[in-house]
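Observations on the model geometry
The lines below spell out each chain.
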Amino acid sequence: MTTENDSRRIKIFDTTLRDGEQSPGASMNLGEKLEVAQTLSDLGVDIIEAGFPIASPGDFEAVREIANSVRGATVCGLARCNPSDIERAWESLKGAALPRIHVFLATSAIHREFKLRMTQDEIVQRAVEGVRLAASYCDDVEFSPEDAARTEHDFLCQVVEAAIDAGATTINIPDTVGYATPQEMYDRIKLLLNRVPNIERAVLSAHCHDDLGLAVANSLAAVAAGCGQVECTINGIGERAGNCALEEIVMALRTRSELYQCDTKIRSEGLVPASRLVSTITGLDVQRNKAVVGRNAFAHESGIHQDGMLKDPSTYEIMRPEDVGFAKTDLVLGKHSGRAALADRARALGFNITAEQMQHVFERFKELADKKKEIYDGDVVALIQQEISGQVDEAWSLVSFHVESGSQQPPTVALTLSHGGQEHHQEVSQGDGPIDAAFWAVERITGYQVVCKDYRVSSATLGRDAQGEVHLEVEHEGRTYRGVGFSTNTVEATILALLNATNRIAAAAATTENT
Ligand code: KIV
Ligand code: ZN
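Computed from a prediction, not measured in an experiment: that's the story for all the values here.

Side note on the side chain of Thr16
Within the secondary structure, Thr16 is located in the loop between strand S2 (11–14) and helix H1 (30–43). With a relative accessible area of 0%, Thr16 lands in the buried category. In terms of polar contacts, Thr16 uses its side chain to reach the backbone amide nitrogen of Ile234, at 3.0 Å. Apart from the residues within four sequence positions on either side, Thr16 is in contact with Glu21, Met28, Cys232, Thr233, Ile234, Ile237 and Val278.

Focus on the site of ligand 1
Every residue lining ligand 1 is accounted for by Arg18, Asp19, His102, Phe104, Ser144, Glu146, Asn172, Pro174, Thr176, His207 and His209. In this structure, an oxygen atom belonging to ligand 1 sits 3.1 Å away from a side-chain N or O atom of Asp19. Between ligand 1 and Thr176, the relevant distance is 2.6 Å, taken from an oxygen atom to a side-chain nitrogen or oxygen of the residue. For ligand 1, whose free accessible area comes to 260 Å², the fraction covered by protein is 95%.

Focus on the coordination of the zinc ion (ligand 2)
Around the zinc ion (ligand 2), the donor atoms from the protein are Asp19 (OD), His207 (NE2) and His209 (NE2), and they sit 2.0 to 2.1 Å away. Mapping the donors of the zinc ion (ligand 2) onto the primary sequence yields the spacing D-x187-H-x1-H. Judged by relative accessible area, His209 falls into the buried class, the value being 4%.

With respect to the confidence of the model for the protein
Across the protein, pLDDT averages 92, with 97% of residues at or above 70. Note on residues 1–5: pLDDT under 50 across the span, and ten contacts to partners over four residues away in sequence or across chains.

Some points on helix H8 (residues 215–225)
With nine of eleven residues buried, H8 is to be regarded as a mostly interior element. Regarding H8, the residues found buried are Ala215, Val216, Asn218, Ser219, Leu220, Ala221, Ala222, Val223 and Ala225. After H8 finishes, the residue Gly226 shows a positive phi value of roughly 130°.

Let's talk about the domain arrangement of the protein
Each assigned domain of the protein is listed with its residue range as follows: domain 1 (8–282), domain 2 (327–389) and domain 3 (396–514). Taken over C-alpha atoms, the centre of domain 1 sits 36 Å from the centre of domain 2. Every contact between the two is made by seven residues of domain 1 and, on the other side, nine residues of domain 2. Roughly 680 Å² is buried in total at the junction of domain 1 and domain 2, and carbon and sulfur atoms are behind 57% of that figure. When residues of domain 1 are sorted by the area they lose upon contact with domain 2, Pro273, Arg276 and Thr280 head the list and together hold 62% of the total. Taken together, the links from domain 1 to domain 2 amount to zero salt bridges. If you look at where domain 1 meets domain 2, you find one residue pair in polar contact (both at pLDDT 80 or more). Among the elements that take part in the side of domain 1 that touches domain 2, helix H11 (residues 271–282) stands out by supplying five residues, more than any other.

Looking at the sheet that holds strand S14 (residues 451–459)
Taken together, three strands build an open sheet; the order of strands is S14-S15-S16 and the sheet is antiparallel. Whereas interior strands pair on both sides, the edge strands pair on one side only; in this sheet they are S14 and strand S16 (479–487). Ignoring strand direction, the axes of neighbouring strands in this sheet form an average angle of 15°. Two strands pair when backbone bridges link them, and S14 and strand S15 (residues 468–476) are joined in this way by eight bridges, in the antiparallel orientation. What sits directly across from Ser458, in S15, is Glu469.

The rules we used
- Residues numbered from 1 in each chain as written.
- Chains lettered and ligands numbered in written order.
- Predicted model: local features only at pLDDT ≥ 70, side-chain atom pairs only at ≥ 80, totals over all residues.
- Heavy atoms only, no water.
- Helix = DSSP H or I, 4+ residues; strand = E, 2+ residues; numbered from the N terminus.
- Buried < 20%, exposed > 50% of the residue type's maximum accessible area, 1.4 Å probe, protein only.
- Polar contact = N/O pair within 3.5 Å; in protein donor to acceptor, adjacent residues only side chain to side chain.
- Contact = heavy atoms within 4.5 Å.
- Near = heavy atom within 4 Å.
- Areas by Shrake-Rupley, 256 points an atom, 1.4 Å probe, with all protein chains shown as cover.
- Donors = N, O, S within 2.8 Å, 3.2 Å for Na, K, Ca; no water.
- pLDDT = per-residue confidence, 0-100.
- Domains from an automatic or database assignment.
- Buried area = accessible area lost by both parts, 1.4 Å probe.
- Salt bridge = Lys/Arg side-chain N within 4 Å of Asp/Glu carboxyl O.
- Pairing = 2+ DSSP bridges.
- Axes fitted to C-alpha atoms, helices over the stretch in contact; angles between N-to-C directions.

Shown next as structure tokens:
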């Protein structure tokens with residue numbers, strides 16, 4: 001058994017692609033999931049939970065593709081405790097170099113009584129059968145007693161012991177509803193370590209939700225008590241208030257290593273790029289003051305702080321921005337900058353994109369440099385984000401638009417779109433404002449009616465010539481789709497964002513037709 005004073009390596013189990021994807025509106029397509037999985041592997045994550053294979057054919061396919069392509073990390077698939085889930089999970093995982101099946105079954109009295117209608121004995125029996133079946137396929141089996149943080153102590157110890165005897169190699173303790181406090185989490189892990197006789201045959205893990213804003217604190221308490229694995233997501237995304245944030249737990253363990261006597265194998269310089277990628281792909285913004293990766297995480301506003309920083313950064317800085325992946329200087333590029341300078345800057349900002357993607361980014365960089373003299377890091381990030389978010393099949397694309405708007409006339413947008421890169425379609429629409437008119441024009445041309453659920457404009461950089469960044473969420477036939485668009489012209493950014501969402505609708509419609 002590991003004690004608090006040994007220096008230990010904590011395994012990082014990332015569930016951005018499973019629990020994170022359960023955030024409302026955060027669903028990702030196959031290409032996006034593969035990109036996130038590769039980024040997580042490059043970041044040094046030990047285990048990637050790639051999805052819940054039985055949930056849908058798309059989930060199954062994503063887990064299978066990730067299992068077949070990622071080599072540096074264990075790839076895990078989630079399964080309820082029944083044969084069809086477990087068999088489906090294994091089917092999707094069997095091409096992985098390091099596969100793991102994650103089986104879960106609720107154990108708390110509330111879940112037993114109201115959700116499962118099962119007795120304690122039935123739960124133990126179901127857990128044992130499920131873990132045995134998973135272990136017959138795969139050496140690496142994780143068992144989670146769902147809602148463990150609210151499960152009776154004696155019963156939790158009984159289930160955990162039985163699951164380990166049945167072949168579980170990791171026992172994960174979820175605080176499913178984010179109810180626990182750090183002291184309770186610490187005590188619960190200690191209880192299991194002290195009372196479960198075969199506990200040294202498994203790695204103990206913590207999976208904390210953030211409903212009370214305690215997910216990271218609870219995970220740290222679990223590590224202090226002896227857990228060897230922490231489950232987390234990039235930017236803390238996940239069900240409801242989310243999960244333990246990967247970047248926060250990793251930097252807390254590193255910055256306070258003298259206290260926790262442990263570390264992870266995460267390459268911390270990749271944290272900011274991974275955060276940006278997940279934010280771009282899911283459309284979930286990172287708040288400015290977010291710990292570690294927020295835009296303001298290292299900004300010192302007060303004069304006293306700035307003075308201290310100039311004298312010695314350690315006065316007010318406990319981590320160095322470059323250690324988490326913030327670029328050192330905001331280098332300015334311009335229209336004479338070449339492809340090599342742009343590629344260099346993209347690498348310095350932590351992006352690892354293909355030559356083909358760089359070609360597209362470079363073309364847009366040249367267009368942007370014609371419109372604005374100075375191109376900052378924020379612009380480069382926006383150009384790359386545009387490339388990444390545009391990875392959906394471009395059924396519809398913008399050819400040209402013209403806006404007329406003023407105090408004496410109704411706002412009008414004349415729009416030309418191309419379909420499949422060929423036919424041109426035109427429409428002139430009016431609306432309550434130019435944005436509304438743009439929505440009408442896109443809807444009339446594409447034929448996809450949408451309800452706008454969220455619309456946000458922000459600027460990619462400082463300055464009045466900054467690129468506008470439009471994020472929107474629309475509903476079509478009961479499903480939510482998101483879109484993002486960038487331009488120095490807000491109406492254009494809106495059209496691009498709506499086309500991005502419309503192309504997702506078209507891709508979903510094509511998938512349904514083909515199945
Ligand atoms: O929060 C939870 O209980 C879960 C389990 C499936 C591990 O996500
Ligand atoms: Zn969870």
